[in-house]
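These are the residues of each chain, in order.
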Amino acid sequence: MSRAAVLCGLGGSLPERIVSNEELAEQLDTSDRWIRTRTGIGQRHVVAPGQSTSDLAVAAGAQALASARATAGRADHGVDPVDPVDLVVLATSTPDRPCPATAPDVAHRLGLGHVPSFDVSAVCTGFVYALATAASMITAGIAGRALVIGADTFSTILDPADRTTRAIFGDGAGAVVLRAGDSGEPGALLGFDLGSDGSGADLITVRAGGSRQRSVPGPAAEGEEFFTMDGRPVFTRAVLDMSRSSQSLLERVGWSAAEVDKVVAHQANIRILNAVGEQLGLEEKQIVANLDRVGNTVAASIPLALRDAVAGGELQPGHRVLLTGFGGGLTWGSAALVWPELETGRPHR
Ligand code: COA
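Here the structure is a predicted model, which means the values were calculated and not measured. (Residues numbered from 1 in each chain as written. Predicted model: local features only at pLDDT ≥ 70, side-chain atom pairs only at ≥ 80, totals over all residues. Heavy atoms only, no water.)

(A) Broad picture of helix H5 (residues 126-139). In this model H5 runs 20 Å from its N-terminal to its C-terminal C-alpha over 14 residues, within 8% of the 20 Å that 1.5 Å per residue would give. Buried residues dominate H5, accounting for 10 of its 14 residues. Within H5, the full set of buried residues consists of Gly126, Phe127, Val128, Ala130, Leu131, Ala132, Ala134, Ala135, Met137 and Ile138. Gly141 occupies a position one or two residues after H5 and carries a positive phi of about 85°. (Helix = DSSP H or I, 4+ residues; strand = E, 2+ residues; numbered from the N terminus. Expected span 1.5 Å × (residues − 1). Buried < 20%, exposed > 50% of the residue type's maximum accessible area, 1.4 Å probe, protein only.)

Have a look at this one:
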């Protein structure tokens, strides 16, 4: 046994407003049928005017902290249930402001005191990167209990006229709490596989708003403030990189694909999930999917899928779980754990 980061709390938050495929079809040249058959998405949640990434992150974080307190109160982990969180890592590509990071504001609003807090930027892989960062700080002894949040509000950066991206992306936040424990416990993070390929930076991007555009006098070219994505190559790379990353982590952890109970992959497109399943030789029942209800929520995607799978009874204590993500950068990453007993309460949305 060695010191490890153990997952001990889970939460999530979605904005109230739901945009159905039918509503999109009233505004754009698209249809419920096209969106469902090409992506598997039926609806997405979007923020109200004035609502931001930190608002969703605070709500998800509060729920994960409550879940961790309730879980600690139920089981004796040898950890004081009121042990304070001493680290906040927020994965987001839609921070409240370009500067400073959003995590300190989230930590402050959650009443967590003067704890270290920072953002991680890896687009749809952000949650896995943030999880690896927080887990490493726990195993290194720098932190004892961490709140890890994935939150994004992509509706704020989409081109209102772009039917492809508006069909796919939704807003949301998901969060977990990690505590110091040992590698033999359920919930212990058993390993990570992370990677990036900057040669694909243009495939998923917002061109304006950074130093390259701002170092030139004058406003950005029209449309460059919006998020753009080259769907076809992104599709291919998502399948390839999530499959390769999953395979290499499974080898390291010593599990065969058949021994994995649930694969919780980034919820980008049901056809991507099925193709990853095919590459890994998985059966349909091993693949968790909630994108029909929430779309692609970027950094929130994996923790929200975990939350929904727990709430629906699909994910059970003792299950061998593989998390895998892919996103802009390009970036990808996977993590493995045995699902712990958790008190999560009922998701309110
Ligand atoms: N409604 C109707 N038609 C649409 C549409 C929509 N919402 N979005 C795109 N189309 C059109 C395209 O304009 C194209 O029309 P054309 O042939 O006249 O040019 C046609 O559908 C086919 O486009 P194509 O890109 O080949 O479709 P696809 O089957 O590859 O599906 C995506 C497009 C975007 C759904 C798919 O490529 C995808 O999911 N890519 C990955 C996206 C993703 O997951 N990104 C996040 C990764 S982190």
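(B) Up close: the site of the ligand. Contacts to the ligand come from 23 residues, most closely from Thr30, Arg38, Arg163, Arg232 and Asn269. Contact distances for the ligand include 2.6 Å between a nitrogen atom and a side-chain N or O atom of Thr30. At 2.7 Å from an oxygen atom of the ligand is found a side-chain nitrogen or oxygen belonging to Arg38. For the ligand, whose unbound accessible area comes to 950 Å², protein coverage reaches 75%. Mapped onto the shell around the ligand, the elements with two or more residues apiece are helix H2 (32-39), helix H6 (163-168), helix H8 (231-253), helix H9 (270-280) and strand S12 (320-327). Here the residues of the shell around the ligand sort into 10 nonpolar, eight polar and five charged. (Near = heavy atom within 4 Å. Polar contact = N/O pair within 3.5 Å; in protein donor to acceptor, adjacent residues only side chain to side chain. Areas by Shrake-Rupley, 256 points an atom, 1.4 Å probe, with all protein chains shown as cover. Nonpolar A, V, L, I, M, F, W, Y, C, P; charged D, E, K, R; others polar.)

(C) Geometry of the sheet that holds strand S8 (residues 189-196). One open sheet accounts for four strands, arranged S8-S13-S12-S11; its pairing is mixed. Only two strands of the sheet have a single partner each, and these edge strands are S8 and strand S11 (262-265). Direction aside, the axes of adjacent strands within the sheet are offset by 15° on average. Across the sheet, H5 lies against S8, S12 and strand S13 (331-338), angled at about 125° from S8, the strand it touches most. Strands in contact with H8 are S8, S11, S12 and S13; relative to S12, the strand with the most contacts, it is inclined by about 145°. (Pairing = 2+ DSSP bridges. Axes fitted to C-alpha atoms, helices over the stretch in contact; angles between N-to-C directions. Contact = heavy atoms within 4.5 Å.)

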